[in-house]
Amino acid sequence: MTITSRVTALAAVLLASAAFPAAAEPVFNRIASFAVADNLPEGDARKTPTSAEIITASEDGNLLVYSDSPGKRVGLIDITDAKAPKAAGTVSFDGEPTSVTIAGAKALVAVNTRESFVKPSGLLAIVDLASKKVDATCDLGGQPDSIAVNKDRTLAAIAIENERDEELNDG
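Residues numbered from 1 in each chain as written. Predicted model: local features only at pLDDT ≥ 70, side-chain atom pairs only at ≥ 80, totals over all residues. Heavy atoms only, no water.

Sorry, what's going on with the pattern of salt bridges here?
Close approach of charged atoms allows side chains of opposite charge to pair. All chains considered together, the criterion is met by 6 salt bridges. Arg-73 serves as the salt-bridge partner of Asp-44, at 3.4 Å between the closest nitrogen and oxygen. Of the two residues, Asp-44 is situated in the loop between α1 (3-19) and β1 (55-57) and Arg-73 in strand β3 (residues 73-78); the sequence distance between them amounts to 29 residues. Assessed through its relative accessible area of 34%, Asp-44 is described here as partly exposed. Among the ionic pairs, Asp-128 bridges to Lys-106, the shortest N-O distance being 3.1 Å. Of this pair, Asp-128 sits in strand β7 (residues 122-128) while Lys-106 sits in strand β6 (residues 106-112), placing them 22 residues apart in sequence. When its relative accessible area of 15% is taken as the criterion, Asp-128 is described as buried. Given a relative accessible area of 26%, Lys-106 falls into the partly exposed group. Ionic contacts of the salt-bridge type, sharing partners, join the residues Asp-44, Asp-68 and Arg-73 into one network. (Salt bridge = Lys/Arg side-chain N within 4 Å of Asp/Glu carboxyl O. Helix = DSSP H or I, 4+ residues; strand = E, 2+ residues; numbered from the N terminus. Buried < 20%, exposed > 50% of the residue type's maximum accessible area, 1.4 Å probe, protein only.)

Here it is as structure tokens:
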């Protein structure tokens, strides 16, 4: 095969792949969306800063729990009907939830409680999903960044970040 025929064959393949993008398998099919502001606690203004950063699903797949660091809470969303998600309430903390995961009927929430960059602190909060109450907390001795549980839901791993002051000496 000559160089000209190779270039022609390659060009034909590239043109064919660009001409038929619809034949590609879709990787995402959104079936619904949910505005986090729809789950603000009663009395909070709709323009209250809020964010769904880390999201986890219950084992049955009917409930989502998300961390809302600016709001110092986690939010719950009922997705029993995935095409029509519903607000399912919030649980507030004295600190910023940085990550959340679920083990059985409990949410494990990593909460940053630091006073300053030189005094990092945090805790693990165990939230009962049915009652939306904090069952227990555990001091982590540092600022947590993320949490994960093993497949059996018997062990949790927590990454302690202890953020630095990015403004001090150029970080």
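This is not the end of the story, as more comes after the structure.
Sorry if this is basic, but what is going on with the sheet that holds strand β5 (residues 96-103) here?
Either a parallel or an antiparallel arrangement is found when strands of a sheet pair, and the pairing is made through backbone hydrogen bonds. Taken together, 4 strands build an open sheet; the order of strands is β5-β6-β7-β8 and the sheet is antiparallel. Strand pairing shows two members of the sheet lacking a second neighbour, β5 and β8 (133-139), which therefore form its edges. With direction set aside, neighbouring strand axes in the sheet form an average angle of 25 degrees. Taken together, the 6 bridges between β7 and β8 define a ladder with antiparallel strand orientation. In the strand pairing of β8, Leu-124 is matched with Cys-138. (Pairing = 2+ DSSP bridges. Axes fitted to C-alpha atoms, helices over the stretch in contact; angles between N-to-C directions.)

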